[in-house]
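So you can see what is in the structure, the chains are spelled out below.
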Amino acid sequence: MKRALLILAATAVVSAPALADEALAKAKNCMACHATDKKLVGPAYKDIAKKYAGDAKAVDMLATKIQKGGSGVWGAIPMPANPQVNEAEAKKLAAWVLSLK
């Protein structure tokens, strides 16, 4: 019984940060155009993570794109600016996206 509770608690601790950031992405309407593992209007988050893996500047660059928008990297459809996302939230979202495998 104790072992099952420990495993359950460890699973909750490991998955909690990912769920919290996914919740932020949903709250800020990011999921209207993006999905974790498939292309919608914009690229899949896992594809973004793969493209920028190992890039030390990726969090800041993606956070700026989240807030100000961008175009030309993933095709002809531009990403609109998201003024409802503050700098801290943008960096948190960018870090979460880059953590996906």
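- Per an unreviewed UniProt entry, the chain carries the name Cytochrome c-552 and comes from Tepidimonas fonticaldi.

### What about the overall build of the chain?
Part 1: What the chain contains, in helices and strands, is four helices and zero strands.
Part 2: In sequence order, the secondary structure elements of the chain are arranged as α-α-α-α.
Part 3: The long-range share in the chain, meaning contacts at least 24 apart out of those at least 6 apart in sequence, stands at 46%.

### What about helix α4 (residues 87–99)?
Part 1: For α4, which comprises 13 residues, the first-to-last C-alpha distance of 18 Å matches the rise-based estimate of 18 Å (1.5 Å per residue) to within 8%.
Part 2: If you check which residues of α4 are buried, you get Glu89, Ala90, Leu93, Ala94, Trp96, Val97 and Leu98.
Part 3: Two or three places before Ala88, at the opening of α4, Asn86 has a side-chain oxygen 3.1 Å from that residue's backbone nitrogen.

### Concerning the environment of Pro43
Part 1: Here Pro43 shows up in the loop between α1 (2–27) and α2 (45–51).
Part 2: Accessibility expressed as a relative area gives 10% for Pro43, which makes it buried.
Part 3: Between the C-alpha atoms of Pro43 and Cys33, which are ten residues apart in sequence, the distance is 8.2 Å.
Part 4: For Pro43, the residues in contact, after removing those within four places along its chain, are His34, Ala35, Ile48 and Trp74.

### A word on the packing of aromatic side chains
For any pair of aromatic rings, the description rests on two quantities: the centre-to-centre distance and the angle between the ring planes.
Part 1: What the rule picks out here adds up to one aromatic pair.
Part 2: Centroid distance Tyr45 to Trp96: 5.3 Å. Interplanar angle 70 degrees. Geometry classified as edge-to-face. Here the residue Tyr45 occupies a position in helix α2, and Trp96 occupies one in helix α4, the gap between them amounting to 51 residues.
Part 3: Of the residues examined, Tyr45 reaches a relative accessible area of 4% and is grouped as buried.
Part 4: Here the basic side chain of Lys51 rests over the ring of Trp74, its NZ or CZ set 5.1 Å away from the ring centre.

### Focus: the nonpolar core
Part 1: Judged by nonpolar contacts, the single largest core of 18 residues is most densely connected at Tyr45 and Leu93.
Part 2: Counting residues per element, the ones that place at least two in this core are α1, α2, α3 (58–68) and α4.
Part 3: The dominant element in this core, judged by the number of residues it contributes, is α4, at six residues.
Part 4: Those residues in contact with Leu93, other than ones at most four positions away along the chain, are Asp21, Leu24, Ala25, Cys30, Ile66 and Val85.

### Considering the layout of surface pockets
Part 1: The space that makes up the largest pocket amounts to roughly 640 Å³.
Part 2: Lining the largest pocket we find 34 residues, and of these His34, Gly42, Pro43, Ile48 and Met79 sit closest to its centre.
Part 3: For the lining of the largest pocket, the secondary structure elements donating two or more residues are α2, α3 and α4.
Part 4: At four residues, α4 tops the list of elements feeding residues into the lining of the largest pocket.

Rules and cut-offs
- Residues numbered from 1 in each chain as written.
- Predicted model: local features only at pLDDT ≥ 70, side-chain atom pairs only at ≥ 80, totals over all residues.
- Heavy atoms only, no water.
- Helix = DSSP H or I, 4+ residues; strand = E, 2+ residues; numbered from the N terminus.
- Contact = heavy atoms within 4.5 Å.
- Expected span 1.5 Å × (residues − 1).
- Buried < 20%, exposed > 50% of the residue type's maximum accessible area, 1.4 Å probe, protein only.
- Polar contact = N/O pair within 3.5 Å; in protein donor to acceptor, adjacent residues only side chain to side chain.
- Phe/Tyr/Trp six-rings, centres within 6.5 Å; stacked < 30°, edge-to-face > 60°.
- Lys NZ or Arg CZ within 6 Å of the ring centre and 35° of its normal.
- Core = buried A, V, L, I, M, F, W, Y, C linked by side-chain atoms within 4.5 Å.
- 1 Å grid on protein atoms, 1.4 Å probe; cavity = no way out; pocket = protein on both sides within 12 Å on 5 of 7 lines; lining within 4 Å.
- Points joined across faces, edges and corners; volume = space filled by probe spheres on them.

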